Amino acid sequence: MTETMVNLSTSDTLADSAGVKIQPHVSCHDFSVFYGDFEAVKKARMEVERNRVTAIIGPSGCGKSTLLRAMNRMNDFVPGARAKGKMCYRGQNIYSSDCDPVELRRRIGMVFQKPNPFPKSIYRNVAWAPKLNGYRGNIDDLVEHSLRQAALWEEVKNELDKSALALSGGQQQRLCIARAVAMQPEVLLMDEPCSALDPIATSRIEDLIHELKTRYTVILVTHNMQQAARVSDFTAFMYMGELVEFGETDLIFTSPKQERTQDYITGRFG
Amino acid sequence: MNLASRRMMDRSFTVLGILSILVMAGALLCLLGPIVIRGVNAFVFRATVEHRQMLAEKYGVGDREAVKRELAQAEQHRTKIYRMISAYEASLEDESYAMRREMGGELDELKDRLRDLLGPFPGDPDPILMREQYGETRWDRALVVKDEVIFREEYDYSDPSAMGVLVHVPRADTFEGTSLAPLFPYLENHLSDILRPRWTFYWRFFTTESYDAHFFGGIWPEILGTFYLTVGAILFAVPFGVISAIYLVEYANPKNPLVALIRTCISTLAGVPSIVFGLFGLAFFINELHVSESKSVLAGSLTLAVLILPLVIRAAEEAIRAVPKTYKEAALSLGAGRWRTICTVILPAAMPGVLTGIVISMGRAAGETAPIIFTAAVSAGGVVALGETLSQPTPALPWNIYNICSEHEAVNEIRHVQYGMVFTLVFLVLLLNSTAIWLRARIAKRLRGA
Ligand SMILES: Nc1ncnc2c1ncn2[C@@H]1O[C@H](COP(=O)(O)OP(=O)(O)O)[C@@H](O)[C@H]1O
Ligand SMILES: [Mg+2]
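Residues numbered from 1 in each chain as written. Chains lettered and ligands numbered in written order. Predicted model: local features only at pLDDT ≥ 70, side-chain atom pairs only at ≥ 80, totals over all residues. Heavy atoms only, no water.

Caption draft 1: Main features of the overall build of chain A. For chain A, the count of helices and strands is 10 helices and 12 strands. Taken over C-alpha atoms, the radius of gyration comes to 18 Å for chain A, in line with the 18 Å a tight globule of 270 residues would show. Its C-alpha atoms put chain A at 50 × 45 × 45 Å along the principal axes. Put simply, 68% of the contacts in chain A that link residues at least 6 apart link residues at least 24 apart. About 11900 Å² of surface is accessible on chain A, with carbon and sulfur atoms providing 46% of the total. Between the centroid of the 33 positive side chains of chain A and the centroid of its 33 negative side chains there is a distance of 4 Å. (Helix = DSSP H or I, 4+ residues; strand = E, 2+ residues; numbered from the N terminus. Rg over C-alpha atoms; globule rule 2.2 N^0.38 Å. Contact = heavy atoms within 4.5 Å. Areas by Shrake-Rupley, 256 points an atom, 1.4 Å probe, with all protein chains shown as cover. Lys, Arg positive; Asp, Glu negative; His and termini not counted. Charge placed at Lys NZ, Arg CZ, Asp CG, Glu CD.)

Here is the structure:
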């Protein structure tokens, strides 16, 4: 996908209540993604704030994953996929030719729908990215720190050499979060991280997301509206590839501006 | 379809499945049983005192004094036989010329058979061929030769409409009434006193070179040659094969017609008869590239490598393709480049499959005969040192099995060597295959985290 964008503007800004201009952490402008001729995301616009949880909701097939994966250019690996418009990280268009996608993915980590730890030990899963990036500090400390952040340390501290595949689904997903966190990214993208988990594991991950936002900007895709309402500060509603409405979660869930949002939230479709 | 008939179907299919497995297992047993029994016979057999004498004299192994004592004990029986013969020879002097001529011929034949059995007579000049310096070293062969001493083979043409019928005529009939007549029952009764058979585990069969065209010694050069050729083939084929597989799975655009062509070529290569590879190896590696003056381990390895390349590529391709896409996604999302992803995540996860493919190709390379006929194998030869592999040909198990049974001047006398080689080759290949299974299970277990 090579819709090269010039003009690395820093004008994608948002006025906060005090009138001081702060920059959105991730933002998109008239951003579209095509699979061949099919437009899976249509001219989306949104601005994600730093250290907040932003949820993307919508019925399945509406393009949530596609939009999320566009944020760290994971769609590059999908044959036939291409992007159009502007997707900015810290004001810089990540689809411009001078953006290194590998470097970008180190800043914007990702957690997938199905837990996908490597078939290696727990320790080596977490240490994988830091080692790859030539981390200079003490890796053991970093592993412990990351596992603590992912609320997994207490459960696995005595068996770090065990294969990650021997963990339960919920533990595996937290390990994947720890693995992403160990890379010390700024943004964490999560694509339905709880959909393969049972309710208890789900609530642990939700608590975790709550804590993670103190350090990271979290963008969470979910088809579960209650989850979005529980954990997010901002919510984007997508429908058939369009980003219908974006705003503070409270407002979206109590007084949506768009009729389609209203219909979805009240369960008339989806 | 109702329940009853569905059950019927299920049951009959189960029976069919079990039956076919039984048939296969039976076939395997029929095949492996004789190989194992006869093969083991090459190195576990009843060795005669001649064998021990040969070992002591040629290899300097065994207890010389004990062998001497044994020979001395056998001596009394042997002397009796030799005395009977010289007595008969002396009595012949008094016979008529015609009689002397006729019986003299019979006697010479008898003496030759006895030499096969017991070694040279006292007073004989030292034979040049090692096989003539000793009597039968194996008890099973000795029994066969004993029959040749006792019976003369003749063709009976009395029925003119049929071809000659082979009959065994007792030599005792020929020498009836002479001083030689008691020789035959004596030999029959005292053969084990003369040759003193004893069960032996002759491990030197695997560790020594052959003497006198496999009449004595072992098959170490063949084993080593097979090892060189196999390892050489793997060394060449695996890097190429794995890299090709990575390219085909991870980099090549499947819609590209060139890639489709390459795939077709690989499939075709896998189906080419191995003799064609042999000729190709001769024409290309030796005549065209001049990797060596003539046949060499190097040329053979290269030829075998081309032969197993498609196998390696296919196995590696399948293994790489079987690695879950999610691993790759995870690695890429953690800021790894494509190459890093392949080296640190995809290849390790594909390792069990790749290794299995490699070991199975090793088995294939070890057993192939045709590709090495023109490129690497010689029928007689000693141990090739590692440094000589670039220029020297080598004996190798598959080729020498063929060679012994088709071109050796005395096949029947060294059948056991041939079976020993077959056994060794089958054992090596089975060993490689079970290593593959074991490795695969082990790595898979480690990956699963048990
Ligand atoms: N690799 C692909 N190739 C073609 N179409 C795709 C591909 N991935 C997704 N799509 C299509 O794009 C649309 C959005 O998909 P996705 O972003 O996965 O939806 P969601 O995550 O909201 O369920 C769907 O209609 C889907 O069929
Ligand atoms: Mg999705």
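Now that the structure has been shown, we can carry on.
Caption draft 2: Representation of the side chain of A:Ser232. All names here are of chain A. In this structure, Ser232 sits in the loop between α8 (225-231) and β11 (234-239). With a relative accessible area of 9%, Ser232 lands in the buried category. Polar contacts involving the side chain of Ser232 include one to the main-chain carbonyl oxygen of Phe234, which spans 3.4 Å. At a separation of 3.3 Å, a polar atom in the side chain of Ser232 contacts the side chain of Thr235. Those residues in contact with Ser232 that lie beyond four places of it in its chain are Val53, Thr54, Ala55, Gln227 and Thr249. (Buried < 20%, exposed > 50% of the residue type's maximum accessible area, 1.4 Å probe, protein only. Polar contact = N/O pair within 3.5 Å; in protein donor to acceptor, adjacent residues only side chain to side chain.)

Caption draft 3: Structural context of the domain arrangement of chain B. Along its sequence, chain B is organised into domain 1 (49-201) and domain 2 (220-447). Here the C-alpha centroids of domain 1 of chain B and domain 2 of chain B sit 50 Å apart. (Domains from an automatic or database assignment.)

Caption draft 4: Summary view of the packing of helix α3 (residues 64-92) of chain B against helix α4 (residues 97-118) of chain B. Residue and element names in this part refer to chain B. Packing of α3 against α4 brings their axes to within 11 Å, and their N-to-C directions diverge by 165 degrees. When the interaxial angle is binned, α3 and α4 end up roughly antiparallel. Every pair of crossing elements has a handedness; the one defined by α3 and α4 is left-handed. Contacts between α3 and α4 involve Arg78, Ile81, Tyr82, Ile85, Tyr88, Glu89 and Leu92 from the first element and Arg100, Met103, Gly104, Leu107, Lys111, Leu114 and Leu118 from the second. (Axes fitted to C-alpha atoms, helices over the stretch in contact; angles between N-to-C directions. Parallel < 35°, antiparallel > 145°, perpendicular 65-115°, else oblique. Left-handed = near helix turned anticlockwise from the far one by under 90°.)

Caption draft 5: Layout of the site of ligand 1. Residue and element names in this part refer to chain A. Lining the immediate environment of ligand 1, one finds Tyr35, Phe38, Ala40, Ser60, Gly61, Cys62, Gly63, Lys64, Ser65, Thr66 and Val78. Take Gly61: an N or O atom from its main chain is 2.7 Å from an oxygen atom of ligand 1. Contact between ligand 1 and Thr66: an oxygen atom at 2.4 Å from a side-chain N or O atom of the residue. Relative to its unbound accessible surface of 560 Å², ligand 1 loses 60% to contact with the protein. Elements with a contribution of two residues or more to the shell around ligand 1: β4 (38-48) and α1 (64-70). Residue classes in the shell around ligand 1 are distributed as 5 nonpolar, 5 polar and 1 charged. (Near = heavy atom within 4 Å. Nonpolar A, V, L, I, M, F, W, Y, C, P; charged D, E, K, R; others polar.)

Caption draft 6: Just a positive patch on the surface, in detail. Side chains of A:Arg124, A:Lys131, B:Arg442, B:Lys445, B:Arg446 and B:Arg448 sit close together on the surface and give a patch of like positive charge. Listed by contribution, the elements that provide at least two residues to the positive patch are α3 (122-132) of chain A together with α18 (415-448) of chain B. The leading source of residues in the positive patch is α18(B), at 4 residues. As for its placement among the helices and strands, A:Lys131 is situated in helix α3. (Patch = residues over 30% accessible without salt bridge, like charges linked within 9 Å, V, L, I, M, F, W, Y side chains within 5 Å. Salt bridge = Lys/Arg side-chain N within 4 Å of Asp/Glu carboxyl O.)

Caption draft 7: Representation of the packing of aromatic side chains within the structure. One pass over the full model with this rule turns up 22 aromatic pairs over all chains. Clustering of aromatic rings is evident, with ring pairs tying together B:Phe43, B:Phe201, B:Phe205, B:Phe206, B:Phe423 and B:Phe427. (Phe/Tyr/Trp six-rings, centres within 6.5 Å; stacked < 30°, edge-to-face > 60°.)

Caption draft 8: Summary view of the interface of chain A and chain B. Of the residues lining the interface, 25 residues belong to chain A; the matching set on chain B comes to 20 residues. Note on chain A versus chain B: buried area summed over both sides is about 1900 Å², and carbon and sulfur give 66% of it. Contact with chain B buries area across many residues of chain A, yet A:Pro119, A:Trp128 and A:Leu132 alone supply 29% of it, more than any other trio. Of the charged contacts, one joins A:Arg69 and B:Glu329 as a salt bridge, the two residues approaching to 2.7 Å between their closest N and O atoms. In this structure, the connection of chain A to chain B is made through 4 residue pairs in polar contact (both at pLDDT 80 or more). (Buried area = accessible area lost by both parts, 1.4 Å probe.)

Caption draft 9: Structural context of α4(B). Residue and element names in this part refer to chain B. In this model α4 runs 30 Å from its N-terminal to its C-terminal C-alpha over 22 residues, within 8% of the 32 Å that 1.5 Å per residue would give. Turning to α4, its buried residues number three or more, namely Met103, Gly104, Glu106, Leu107, Leu110, Lys111, Leu114, Leu117 and Leu118. In this fold, the buried residues of α4 make contact with α2 (49-59), α3, α6 (139-150), β2 (151-156), α7 (171-174) and α8 (183-195). Of the residues one or two after α4, Gly119 is the one with positive phi, at around 90 degrees. (Expected span 1.5 Å × (residues − 1).)

Caption draft 10: Spotlight on the pairing of strand β8 (residues 108-111) of chain A. Residues and elements named next belong to chain A. Side chains Ile108 and Met110 of β8 all project onto a buried face; the interleaved residues Gly109 and Val111 project onto the opposite face, where all are buried too. Bridge analysis of β8 against strand β9 (residues 187-191) gives 4 bridges, and the strand direction is parallel. Counted as the bridge partner of Val111 is Met190 from β9. (Pairing = 2+ DSSP bridges.)

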